[in-house]
Structure formats: C-alpha cells, structure tokens
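What follows is the residue order along each chain.
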There are 2 protein chains.
Amino acid sequence: MRYHRTDVVERAIEVLDTYGLADLSMRRLGQELGVQPSALYHHFANKQSLLAAIADEILRRGTRPGAPGAPLAEGAWDERCATICHDLRDAMLAYRDGAELVGTVMAFGLGATQPYDELAAALAGSGLPEELRPIAVRTLLHFVLGHTLDEQTHLQAGSAGAIGDGPREGSDFGVGLGLILDGIRSRSEHPRTTPAPPR
Amino acid sequence: MRYHRTDVVERAIEVLDTYGLADLSMRRLGQELGVQPSALYHHFANKQSLLAAIADEILRRGTRPGAPGAPLAEGAWDERCATICHDLRDAMLAYRDGAELVGTVMAFGLGATQPYDELAAALAGSGLPEELRPIAVRTLLHFVLGHTLDEQTHLQAGSAGAIGDGPREGSDFGVGLGLILDGIRSRSEHPRTTPAPPR
DNA sequence: ACCTGAACACCGTTCAAGT
DNA sequence: ACCTGAACACCGTTCAAGT
C-alpha cells in the first residue's frame, strides 16, 4: 500500500483517539499502517511536524464551515470571542489527549495559528486599545488551553464511572471565560495609562 | 557514594538547568551521580514522582521566606494576587524549562498545590462570591503557566543574542494579569445571577 | 538503607538501496 | 514518489542479588 500525507494524518488521529498520545509513536503508527517507521519520514521531516499536522487537522474538523474569508462569527465582539473559545475547546475535547496535543504544538509555535487570528479579528470590534489586543488574545488562549487540558485530564482519569463532571466543568469554562471578557470590557470602556498592577 | 532523596533532587535541578528537560533522563541523572539508573528507583517510585519533587523544590526556592502560617503577602487582595503570580513566574523562569516542568506536574495534579492555596487565600479577601473563587484561581494559574511557558520558550529559542525581549514580555505579563484581576474585580463589585456568556 | 548488573520492551532518526 | 532493512544511540522500569 502507498500512502499520502493526509492518509498518515488520518490514521494518526485514529491511533491518538484509540490509544492516547503516549502510545502515538512513529514505530506504532508505521505498524498500524503496515509500513516501516522510516517510511513516515518521507511524509514528515520529524515527529513534531507530524504532531503539528494532526493539531491543524483536529482544529479544522472542529471549525464550523462558513464562507471562507467571511467573518467567522456573528454578533457583538464578546459573543464572537465566546463562540471561538467554545469551538476551540470542543475541537480539542473531541479526541483523546486533544488538548495536550494542541497545547504542545501551539506552545512551540509550530502552527495552529487559526484561533489566534480569529480572536484578534473579533477583538478588533471591541474598544480595547490596539496595543492591548495581542496580550488579550494570548490571555484568552492560555485560559482555553489550560482549562481544557485540566478538564480532559480529569475526565479521562475518572472515565471509569465518574458522573456529573461534564456539566460542572462546562459551566466552569463559561464562568472563567466570562471573567476574562469582563476584564477586557472594563479596559475597553475605561482605558488606562498605567494598566499593570504593582508588584 | 550514597545519596539521600534531597541529593538526587538537587542534582536533577542542576542537570535540568544545564541540559534542559529533554535531556533529564533517569539514565542521564544516574550517570551524573555515578550510580546505576535503577538506584534512583530506591528514592522515587517513578520518573513522574521525581519530576514532582523537582517542581516542588523549584517553587519552594522561589518563595519568599516569611513566617510559616502567616499571610503570604501584605496589602489589598489584588496586590497580594499580583505578588503571588509574579513570584510564581519568577520561580519558573529561574531554571531552564522551569515553566514546562511545573506546568506538566500541575496539569497531572501531582503536587505544586502551594500557589493554588495562596491564591485562594488572597481571593477570600475580595468581594468575589465564594463559588466563583476556585475558577478564578484556576484562571489566574492558567494565565501564569501559559504566559510563562510562552515567554521561556521564546526567550530560550532566541537566546543567541536576542535583545529587548525581557522588558517587553515582563510588562506583557503584568498587563494580562491586570486584565484578569479587572474581571475578578468587576464580579466582586457587581455580582451577577447569570455569569456565563452565551454560546 | 542504598546500590549493582542484567534484562525487557521500547523510542526517534538516518541512510543506502530498492521499485 | 514511496518504501525496505539495518543500524545508531538512546529510553523507563523491573528484579534478583549484593553490602
């Protein structure tokens, strides 16, 4: 059998979802495809590149279609931010270890820049001073990545019969997100000259 | 030579700071101590336990002494939160890959609970409704961990002569932190019945 | 209490060579 | 363009045995 890049990514996602990130090795993936591990290096320069491609695909699958180039969410800036953050969370929760994978890839700046750009566009519609927007975007992303990683870790740890965690964590996410959006809103309405708190 | 648990942790921190987290293997650490890798399993059940002990020690070293049991920071609740967050950031930045290590350990809930408890205590002095405090604490921690990981990754990547990143990132941290504290303050002064934003 | 020595079951990556 | 086969330099962990 001969494979394309996309075949490898697709199979890798299946392995990830079935066996977890720790078991997603180049050797294991090769075995799963019926191919030598070294064959994968024809499609990807190294494992990190493969992981970046997987992260991109997971985020792509979690994105609502929508006209390309069109605004990615409707409504007020805060509603658009909330939608983007919820979609990102949902995309990561859709696959086992999705948050850990996407978080690692984003931390090393290897791709998955789509959410960043979408949030920056949404925040352009707020009154937030332009120079604060990048840090606001990053603050939102750190929240979503960190919270979802926590959530997924605990969900998976207690997967043997734990109940009631879904709703609790779900509303928790909205509350934390609302807290940050409130902070952005207060800076949008009352810009300050000295924004940093004292040490 | 015969070692204690604390000797192993101390040497591990030196290896971490000199060669990075990726090179901190049980075999490498054994070699550095002049001991078989298997000897380390007399002191730690597994590598994760060792990493948790290292994270605890890094945080302990970054903590200002202060009387045990006494309030860990003086002043208003927001100043105390800011101090705790800055100290946590500084502690992680003090060692190579410190943020990645502490972040991993905290994500798996293995220890390093000190910052959580300190922030919870500081927030008890705000007007924030009690049920919102845990999510506020976690939101602050996710910000500090995520931002510092970003910062350290980029600082280390451009360590060959990059200039001016320190101050920029430093103020960035304060701004993002101020954003979240503003959000907490707005909820403290104007509690809501429906805190979550719409999807 | 602390360590050795040997083994088990793995890794990512490279590279000449094949079709 | 895609893959094989073999090799290199590693991993974490276990376990009987030593002092």
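Residues numbered from 1 in each chain as written. Chains lettered and ligands numbered in written order. Predicted model: local features only at pLDDT ≥ 70, side-chain atom pairs only at ≥ 80, totals over all residues. Heavy atoms only, no water.

**Notes on the protein's contact with DNA strand D**
Here's step 1: Taken together, 17 residues form the shell around DNA strand D, and within it Q36, S38 and H42 of chain A together with R27 and Y41 of chain B come nearest.
Here's step 2: At a separation of 3.1 Å, a phosphate oxygen of DNA strand D approaches a polar backbone atom of M1 of chain A.
Here's step 3: A distance of 2.9 Å separates a phosphate oxygen of DNA strand D from a polar atom in the backbone of Y3 of chain A.
Here's step 4: A class-by-class count of the residues in the surface near DNA strand D yields six nonpolar, seven polar and four charged. (Near = heavy atom within 4 Å. Polar contact = N/O pair within 3.5 Å; in protein donor to acceptor, adjacent residues only side chain to side chain. Nonpolar A, V, L, I, M, F, W, Y, C, P; charged D, E, K, R; others polar.)

**Considering the pattern of salt bridges**
Here's step 1: For the structure shown, the criterion picks out 22 salt bridges over all chains.
Here's step 2: Measuring nitrogen to oxygen at the nearest pair gives 2.7 Å for the salt bridge that ties D78 of chain B to R185 of chain B. One end of the pair, D78 of chain B, is in helix α4 (residues 77-93); the other, R185 of chain B, is in helix α8 (residues 165-189), and 107 residues separate them in sequence.
Here's step 3: Among the charged side chains, a network of salt bridges with common partners joins D78, D182 and R185 of chain A together with R187 of chain B. (Salt bridge = Lys/Arg side-chain N within 4 Å of Asp/Glu carboxyl O. Helix = DSSP H or I, 4+ residues; strand = E, 2+ residues; numbered from the N terminus.)

**Some points on helix α1 (residues 5-19) of chain A**
Here's step 1: Over its 15 residues, α1 of chain A runs 21 Å from end to end, which matches the ideal 21 Å to within 8%, given 1.5 Å per residue.
Here's step 2: Among the structural elements, α2 (26-33), α3 (47-61) and α5 (98-107) of chain A are those in contact with the buried residues of α1 of chain A. (Expected span 1.5 Å × (residues − 1). Contact = heavy atoms within 4.5 Å.)

**Section: the environment of Q156 of chain A**
All names here are of chain A.
Here's step 1: Looking at where Q156 falls in the secondary structure, it is placed in helix α7 (residues 133-157).
Here's step 2: For the pair Q156 and A124, spaced 32 residues apart in sequence, the C-alpha to C-alpha distance is 37 Å.
Here's step 3: In this view, Q156 contacts R96 and D97; residues no more than four positions away in its chain are not counted.

**Focus on the relation of the copies chain B and chain A**
In this arrangement, two copies of a chain are superimposed by a rotation about an axis accompanied by a shift along the axis.
Here's step 1: By a simple turn and slide, chain B fits onto chain A: the slide is 0.0 Å along the axis, the RMSD is 0.0 Å, and the turn is 180°. Accordingly, the operation relating the two chain copies is best matched by a two-fold axis. Minimal C-alpha distance to the rotation axis in chain B is attained by G183 of chain B, lying at 1.9 Å.
Here's step 2: The overlap is high: 100% of the interface residues of chain B also sit at the interface in chain A, so the same surface is used on both sides. (Least-squares fit on C-alpha atoms with pLDDT ≥ 70 in both.)

**Focus on the protein's contact with DNA strand C**
Here's step 1: Near DNA strand C, the surroundings consist of 17 residues, among which R27 and Y41 of chain A together with Q36, S38 and H42 of chain B are the closest.
Here's step 2: A breakdown of the atoms of DNA strand C within 4 Å of the protein gives sugar and phosphate a share of 54%.
Here's step 3: Contact distances for DNA strand C include 2.9 Å between a phosphate oxygen and a side-chain N or O atom of S25 of chain A.
Here's step 4: A distance of 2.6 Å is found between a phosphate oxygen of DNA strand C and a backbone nitrogen or oxygen belonging to Q36 of chain B.
Here's step 5: Classifying every residue of the surface near DNA strand C by side-chain character gives six nonpolar, seven polar and four charged.

**Things to note about helix α4 (residues 77-93) of chain A**
The α-helix winds at 3.6 residues per turn, so residues separated by three or four positions along the chain end up facing the same way.
Here's step 1: The first and last C-alpha atoms of α4 of chain A sit 24 Å apart over 17 residues, in line with the 24 Å expected at 1.5 Å per residue.
Here's step 2: Burial within α4 of chain A is extensive, with 13 of its 17 residues counted as buried. (Buried < 20%, exposed > 50% of the residue type's maximum accessible area, 1.4 Å probe, protein only.)

**Examining the interface of chain B and chain A**
Here's step 1: Contact residues are listed per partner, giving 42 residues for chain B and 42 residues for chain A.
Here's step 2: Taking both partners together, chain B and chain A bury about 3500 Å²; carbon and sulfur atoms supply 60% of that area.
Here's step 3: At the junction of chain B with chain A, the criterion picks out six salt bridges.
Here's step 4: Elements with a minimum of two residues in the side of chain B that touches chain A: α4, α5 (98-107), α7 (133-157) and α8 of chain B.
Here's step 5: It is α8 of chain B that provides the largest number of residues to the side of chain B that touches chain A, a total of 15 residues.
Here's step 6: Along the lines of polarity and charge, the residues of the side of chain B that touches chain A split into 17 nonpolar, twelve polar and 13 charged. (Buried area = accessible area lost by both parts, 1.4 Å probe.)

**Quick word on the packing of aromatic side chains**
For any two aromatic rings, the description comes down to two numbers: the centre-to-centre distance and the angle of the planes.
Here's step 1: Inspection of every chain in the model, using the stated rule, returns two aromatic pairs over all chains.
Here's step 2: A cation over a ring is seen here: R89 of chain A above F173 of chain A, with NZ or CZ 4.8 Å from the ring centre.
Here's step 3: If you follow R28 of chain B out to its NZ or CZ, it ends over the ring of Y19 of chain B, 4.1 Å from the centre. (Phe/Tyr/Trp six-rings, centres within 6.5 Å; stacked < 30°, edge-to-face > 60°. Lys NZ or Arg CZ within 6 Å of the ring centre and 35° of its normal.)

**Some remarks on the packing of helix α3 (residues 47-61) of chain B against α5 of chain B**
All names here are of chain B.
Here's step 1: One way to put it is that α3 packs onto α5 with a least axis distance of 9 Å and a crossing angle of 120°. In the packing of α3 onto α5, the handedness of the crossing is left-handed. Packed against α3, whose contacting residues are L51, A52, I54, A55, I58 and L59, the element α5 presents L101, V102 and V105 at the interface.
Here's step 2: A breakdown of the residues in the contact of α3 with α5 according to their chemical character gives nine nonpolar, no polar and no charged. (Axes fitted to C-alpha atoms, helices over the stretch in contact; angles between N-to-C directions. Left-handed = near helix turned anticlockwise from the far one by under 90°.)

**Points about the packing of α4 of chain A against α7 of chain A**
Residues and elements named next belong to chain A.
Here's step 1: The N-to-C vectors of α4 and α7 enclose an angle of 35°; their axes lie 10 Å apart at closest approach. Read as a crossing pair, α4 and α7 show a hand that is right-handed. In contact with C81, C85, L88, R89, M92 and L93 of α4, α7 contributes L140, L141, V144, L145, T148, E151 and Q152.

**Quick word on the state of the cysteines**
Residue and element names in this part refer to chain B.
Here's step 1: On inspection of all chains with the given rule, the structure shows zero disulfides over all chains.
Here's step 2: Not engaged in a disulfide, the cysteine C81 finds its nearest cysteine sulfur in C85; these two sulfurs lie 6.4 Å apart.
Here's step 3: On the basis of relative accessibility, which here comes to 0%, the residue C81 falls in the buried class.
Here's step 4: What makes C85 buried here is its relative accessible area of 1%. (Disulfide = S-S within 2.5 Å.)

**Regarding the environment of S25 of chain A**
All names here are of chain A.
Here's step 1: In this structure, S25 sits in the loop between α1 and α2.
Here's step 2: Under the relative-accessibility criterion, S25 is labelled partly exposed at 27%.
Here's step 3: Put simply, S25 and G183 are 158 residues apart on the chain and 42 Å apart in space, counted from C-alpha to C-alpha.
Here's step 4: Polar contacts involving the side chain of S25 include one to the main-chain amide nitrogen of R28, which spans 2.9 Å.

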